[in-house]
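# A look at the structure
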Amino acid sequence: MYDLNTIKRLTNDYGSPLYVFRVDDFIENYRIFEESFKSRYPKYKIAYSYKTNYTPEICRIIKDMGGYAEVVSDMELMAAVRLGYENDRIIYNGPYKGRKGIEHFMKGGILHVDHLHELTKLCDLAENNPHMQFTIGFRLNIDIGQNFISRFGLDVENGDLQKAFDMVSEVGNLHVIGLHCHIGQSRTIEAWKNRVRIMLAYADRYFEKPPRYIDLGSGMFARMNPALAEQFGEHIPSFEDYADAVAKAFHEHYKAFPMEDKPLLFTEPGTTLINSYVDFIGKAECIKRIKGREFVVFNCSKDNIGDICRIKNLPITVVPGGEPECECKEADFVGYTCLEHDVMYKGFQGRIAPEDYVVFENVGGYSNVSKPPFISENCAMVALKRDGEARVMKYREKFDDIFRTYVF
Ligand SMILES: *Cc1c(COP(=O)(O)O)cnc(C)c1O
């Protein structure tokens, strides 16, 4: 995919380093993921997590394929609205919703209450607008066997959830239409079976008829390069495995109901959809040997790639740039920042030279959207089609993009 000519063409046109979004592979993966769920439970919808990567071109493709938008701030909500989303296809989650959250609620958007203080305000709004009808969903704080206490949602055990339902029952024009949960870092099939079992039990307990929807949040492994998969030290379930645990269970649970009464099933994939379809091309600047250690200095940083390179070595390909190469035994790939811990890859063994390009795979999630303006601006992102056609998705940042909000 990335021969030297392609890389030279792309970096000449858009600069170096560079993010590359492999658009055709992304679309194919999206369809496979969605189909594995829909084939088992037709009333399934993807709600794409904007925070994972809100690049508008990616979000637009998802919109065109029928996906909902899952947002957690006014900023992300505005991005979805600007892409043409109606409020009823935007899910607004999160512990702190800005002023636009109110607007979203008034316009019939999907909104998940995180705490009772928020619910009090929404109840007041509904009461002050008696001629209108309002809907909300509750985010449940449940235990699926994760090894931490989540801070999100209404606790199902301490009485908060019951209190929330009681509060809403006092307001004639406000209706709870859905239940939501999201628990991070719990990607096993076992954890998904627990999500399903627990959420279905609460739906049965609190709703006479099935709710309009149940949203199980995110937390499924992406399809990934085996070089990355083996570093997890656990079995990576397939989309089919997840769909069996989730969509098949929904099919079974709601078998007796006609299609129009079955709840819509949402999940909120971010990483699962985008991670494997953005690559990052950096360039080696020099090789240093200091007191028995080897360093390859790059024109990029861990901040471009995101948090994942702190815990895993991403799959990489070295594309020789033509200089005489030298053999490394255990080199760290280090970034342009002046931080000792700016390491993008640990313990590289092989041949590399200054001016070589290195392609880092699996950088789709929490990368360009998490890049701080620390020390330098961010680089450009392009969409690359299988036939080689490239199109810019994000321009390279300039001095003014960073300093515009400061007073000189
Ligand atoms: C972060 C988040 C997601 C997406 O998580 P990924 O691990 O990136 O897939 C989905 N839903 C909610 C509520 C989130 O906070």
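Residues numbered from 1 in each chain as written. Predicted model: local features only at pLDDT ≥ 70, side-chain atom pairs only at ≥ 80, totals over all residues. Heavy atoms only, no water.

This part covers the pattern of salt bridges. With the rule as written, the count across this model stands at 22 salt bridges. Among the salt bridges present, the one from Asp64 reaches Arg60, with a minimum N-O distance of 2.7 Å. Placement of both Asp64 and Arg60 in helix α3 (residues 56–64) is noted, with a separation of 4 residues, approximately one turn of the helix. Assessed through its relative accessible area of 53%, Asp64 is described here as exposed. Its relative accessible area of 33% is what places Arg60 among the partly exposed residues. A salt bridge links Glu355 to Lys283; the shortest N-O distance between them is 3.2 Å. Placement of the pair is Glu355 in the loop between β15 (343–352) and β16 (357–360) and Lys283 in strand β11 (residues 278–290), with a sequence separation of 72 residues. Judged by its relative accessible area of 32%, Glu355 falls in the partly exposed class. Overall, the relative accessible area of 23% leaves Lys283 in the partly exposed class. (Salt bridge = Lys/Arg side-chain N within 4 Å of Asp/Glu carboxyl O. Helix = DSSP H or I, 4+ residues; strand = E, 2+ residues; numbered from the N terminus. Buried < 20%, exposed > 50% of the residue type's maximum accessible area, 1.4 Å probe, protein only.)

The next subject is a nonpolar patch on the surface. On the surface, a nonpolar cluster with roughly 520 Å² of combined accessible area is contributed by Phe399, Phe403, Tyr406 and Phe408. Checked against the element boundaries, Phe403 lands in helix α14 (residues 399–403). (Patch = residues over 30% accessible without salt bridge, like charges linked within 9 Å, V, L, I, M, F, W, Y side chains within 5 Å. Areas by Shrake-Rupley, 256 points an atom, 1.4 Å probe, with all protein chains shown as cover.)

With 100% of its residues at a pLDDT of 70 or more, the protein has an overall mean of 97. Taken element by element, the protein is modelled with least confidence in helix α13 (residues 308–311), mean pLDDT 90, and with most confidence in strand β3 (residues 68–71), mean pLDDT 99. (pLDDT = per-residue confidence, 0-100.)

Before going further, it helps to spend a moment on the site of the ligand. Around the ligand there are 13 residues in total, and Lys51, Ser218, Glu268, Thr271 and Tyr366 lie nearest to it. One of the side-chain N or O atoms of Thr52 is found 2.9 Å from an oxygen atom in the ligand. With respect to the ligand, the side chain of Tyr366 contributes an N or O atom lying 2.6 Å from an oxygen atom. When the free accessible area of the ligand is taken as 390 Å², the share hidden by the protein chains comes to 90%. Grouping the constituent residues of the shell around the ligand by class yields 1 nonpolar, 7 polar and 5 charged. (Near = heavy atom within 4 Å. Polar contact = N/O pair within 3.5 Å; in protein donor to acceptor, adjacent residues only side chain to side chain. Nonpolar A, V, L, I, M, F, W, Y, C, P; charged D, E, K, R; others polar.)

What follows deals with the state of the cysteines. On inspection of all chains with the given rule, the structure shows 0 disulfides. Free of any disulfide, Cys326 has its nearest neighbouring cysteine sulfur in Cys328, separated by 4.9 Å. You can see Cys338 has no disulfide; the closest cysteine sulfur is in Cys286, sitting 13 Å from it. (Disulfide = S-S within 2.5 Å.)

Looking now at helix α7 (residues 160–169). For α7, the set of buried residues is Leu161, Ala164, Phe165 and Val168. With its buried residues spanning 95° around the axis, α7 presents them on a single face. Packing partners of the buried residues in α7 comprise α6 (116–128), β6 (134–141), β7 (154–155), β8 (174–180) and α8 (189–206). (Arc of directions from axis to C-beta. Contact = heavy atoms within 4.5 Å.)

Moving on to the pairing of β8. Of all 7 residues in β8, 6 are buried, a share of seventy percent or more. Relative to β8, β6 runs parallel, the two being bridged by 6 bridges. Bridge pairing links Ile136 to Val176 in β8. Bridging between β8 and strand β9 (residues 213–215) involves 3 bridges; their strand directions are parallel. Note on β9: the bridge partner recorded for Gly178 is Tyr213. What joins β8 to β9 is α8, and the crossover it makes is right-handed. (Pairing = 2+ DSSP bridges. Right-handed = clockwise from strand over helix to strand, strands pointing away.)

Glancing now at the packing of helix α2 (residues 23–38) against helix α10 (residues 239–253). Running from N to C, α2 and α10 cross one another at 35°; their axes reach a closest spacing of 8 Å. Relative to α10, α2 is oriented so that their crossing is right-handed. Here Asn29, Ile32, Phe33, Ser36 and Phe37 of α2 come into contact with α10, specifically with Phe239, Glu240, Tyr242, Ala243, Val246 and Ala247. Considering only residue class, the contact of α2 with α10 consists of 8 nonpolar, 2 polar and 1 charged. (Axes fitted to C-alpha atoms, helices over the stretch in contact; angles between N-to-C directions. Left-handed = near helix turned anticlockwise from the far one by under 90°.)

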